[in-house]
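Spelled out, the chains give:
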Amino acid sequence: MVGVAPAASHSTRSPQLAAMPVQHPWALAIGGLLSMAAANGIDRFIYTPILPVMVEALGLTASQAGLIASANYLGYLLGALFAARPGLRGSRRRWLLAALAVSAIGTAGLAFAQSLPPMLVLRFSSGFAGAVAIIMAIALVVERLAAGGHGYLAPVHFAGVGVGIAGSAIIVAGLRFVGDGWRSMWICAGAASLCCLVVAARLIRNGTGAATTPDTEAGDRSAISPRFRLLIAANTLSAFGYVITATFIVALVRGSPQLRPLEASIWVVFGLAAAPSVALWMWVARRIDVFRTFAAVCLVEATGVLASVLWLQAIGTLVAALCVGGSFMGLTALGMVGARKLTVGDARRPVALMTAGFGCGQMVGPTVAGFMRDASGSFLLPSLCAAASLVLASVLAVSAGQTRR
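Here is what the cut-offs are and how they apply
- Residues numbered from 1 in each chain as written.
- Predicted model: local features only at pLDDT ≥ 70, side-chain atom pairs only at ≥ 80, totals over all residues.
- Heavy atoms only, no water.
- Helix = DSSP H or I, 4+ residues; strand = E, 2+ residues; numbered from the N terminus.
- Buried < 20%, exposed > 50% of the residue type's maximum accessible area, 1.4 Å probe, protein only.
- Contact = heavy atoms within 4.5 Å.
- Areas by Shrake-Rupley, 256 points an atom, 1.4 Å probe, with all protein chains shown as cover.
- Core = buried A, V, L, I, M, F, W, Y, C linked by side-chain atoms within 4.5 Å.
- Salt bridge = Lys/Arg side-chain N within 4 Å of Asp/Glu carboxyl O.
- Phe/Tyr/Trp six-rings, centres within 6.5 Å; stacked < 30°, edge-to-face > 60°.
- Lys NZ or Arg CZ within 6 Å of the ring centre and 35° of its normal.
- Patch = residues over 30% accessible without salt bridge, like charges linked within 9 Å, V, L, I, M, F, W, Y side chains within 5 Å.
- Axes fitted to C-alpha atoms, helices over the stretch in contact; angles between N-to-C directions.
- Parallel < 35°, antiparallel > 145°, perpendicular 65-115°, else oblique.
- Left-handed = near helix turned anticlockwise from the far one by under 90°.
- Expected span 1.5 Å × (residues − 1).
- Bend = angle between axes of the 7 residues up to and from the residue.

## Focus: the overall build of the protein chain
Alright, step 1. Counting secondary structure elements, the protein chain contains 18 helices and 0 strands.
Alright, step 2. Taken across its 405 residues, the protein chain has 59% of its residues classed as buried.
Alright, step 3. In the protein chain, 85% of the contacts between residues at least 6 apart in sequence involve partners at least 24 apart.
Alright, step 4. As displayed, the protein chain offers around 14,600 Å² of accessible surface, 68% of which is attributable to carbon and sulfur atoms.

## Quick word on the nonpolar core
Alright, step 1. Membership of the largest hydrophobic core comes to 126 residues, with the highest contact counts inside it found for Trp186, Tyr242 and Phe328.
Alright, step 2. Per element, the largest residue contribution to this core is 14 residues, and it comes from helix H7 (residues 116-147).
Alright, step 3. If we skip the residues at most four places from it in the chain, Phe328 touches Phe45, Val161, Ile165, Tyr242, Phe270, Ala274 and Glu301.

## Topic: the pattern of salt bridges
Alright, step 1. The full count for this structure, using the stated rule, is 5 salt bridges.
Alright, step 2. The closest approach of N and O atoms between Glu56 and Arg260, which form a salt bridge, is 3.9 Å. Here Glu56 is found in helix H4 (residues 47-58), whereas its partner Arg260 is found in the loop between helix H11 (226-254) and helix H12 (263-274), with 204 residues between them in sequence.
Alright, step 3. Residue Arg260 is classed as partly exposed on the basis of its relative accessible area, which comes to 38%.
Alright, step 4. Of the charged contacts, one joins Arg260 and Glu263 as a salt bridge, the two residues approaching to 4.0 Å between their closest N and O atoms.
Alright, step 5. For Glu263, a relative accessible area of 9% corresponds to the buried category.

## Some thoughts on the packing of aromatic side chains
Alright, step 1. Evaluated as defined, the whole model comprises 12 aromatic pairs.
Alright, step 2. Here Phe124 and Phe128 contribute two aromatic rings whose centre-to-centre distance is 6.4 Å and whose plane-to-plane angle is 35°, an arrangement assigned as tilted. You can see Phe124 and its partner Phe128 sitting in helix H7, 4 residues apart, about one turn around the helix.
Alright, step 3. Here Phe128 falls in the partly exposed class, since its relative accessible area comes to 26%.
Alright, step 4. Chaining the aromatic ring pairs together yields one cluster made of Phe45, Tyr242, Trp267, Phe270, Phe328 and Phe358.
Alright, step 5. The residue whose ring lies beneath Arg44 is Tyr76, and the NZ or CZ to ring-centre distance is 4.9 Å.

## Some thoughts on a nonpolar patch on the surface
Alright, step 1. On the surface, Leu299, Val391, Leu392 and Val395 cluster together into a nonpolar patch covering about 330 Å² of accessible area.
Alright, step 2. Sorting elements by how many residues they give to the nonpolar patch places helix H18 (residues 380-401) first, with 3 residues.
Alright, step 3. For Val391, the position within the fold is in helix H18.
Alright, step 4. Given a relative accessible area of 41%, Val391 falls into the partly exposed group.

## A short note on the packing of helix H5 (residues 62-83) against H11
Alright, step 1. Between H5 and H11, whose axes approach to 11 Å, the crossing angle comes to 120°. Judged by the inter-axis angle, H5 sits oblique to H11. Along this stretch, H5 crosses H11, giving a crossing that reads as right-handed. On H11, the residues that touch Ala62, Ala65, Gly66, Ala69 and Tyr73 of H5 are Val243, Thr247 and Phe248.

## Some details on helix H3 (residues 25-42)
Because the α-helix completes a turn every 3.6 residues, residues three or four places apart line up on one side.
Alright, step 1. Here H3 contains 18 residues, and its C-alpha end-to-end distance of 24 Å stays within 8% of the 26 Å for a straight helix at 1.5 Å per residue.
Alright, step 2. Approximately 30° is the largest bend angle found in H3, and it occurs at Met36.
Alright, step 3. Counted residue by residue, H3 has 15 buried out of 18 residues, so it is predominantly covered.

Right, here's the structure in full:
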């Protein structure tokens, strides 16, 4: 979830990365795209379009659906903390490929779950592995692109999330069209992720996998800088803000007779909006400022969250999908660039800390929203809370960007 390439070109980038030139940068970027499509776009987000089908088939409550989503995000949080361990050994490439395999298997395994407990376990394991894969892909692919002077290709890497989301929507819509159920959807999703893994393994070559040895030089700065803490808080709140709409938007559409015709397409719109969003918001950030851009994107996302529950018409739902889909990846990318501006040393640690904060926010969001939905009968209250958290995140981001004199 993230974009460190522009910041990685400053003087604090890893000497180890700078010493090893990037070969075939487009192949590396596309390999990163496929890694993100698998771990993030498919394995993580396909739950959203499958959720209404599962709820209908299994009679799940909103709180149970939220718990399943939160189990994935709890795994994501712990996976990020695991990937941040300073003593982690082995090549980044090996960790990346192993994590992608575990994530895909966990996704396909949902097809065989018969009750809530195994669903929670499988979603947890997929989230844990997905976080490891995302962090290793960023530290491996994006940092190496930047070190070789190809940081402009970083948006290609992050476009994989939107590509995976759009692909997951097509998988679900296609299987629904032919009459297959939710179990087939999970199997096909896992198979698609494994296909991405196979191609990514060929594109991300052995020579690009530096060992994940710790960088001890000035490493404490990422943990103690007050500005960095503000940015982590903003990132955490932004995760809470987006994840409720991102988890339940298809369920919202399915539950409204006038919006139900959009069910097959709304998640495709969400993914297509996400695909170019990193490039768009990084372009804006280069012209103003990373932190102020982060703040502005939070307000765009808040607009989408509010539209999903206050503008219950087709155009309002499309606005919600465009605003939230077109902002959540931009926020994580901008957050990571900001983190690299506020820290020094190996990119893996600030990436992991930001990812852990993001994981906390998105872990709490679906559970809170599910219980509020069961108690109130609608997603209005949790969505209002989400929008408020995004406004607060905007304020914190501006504060994080202010230079202390």
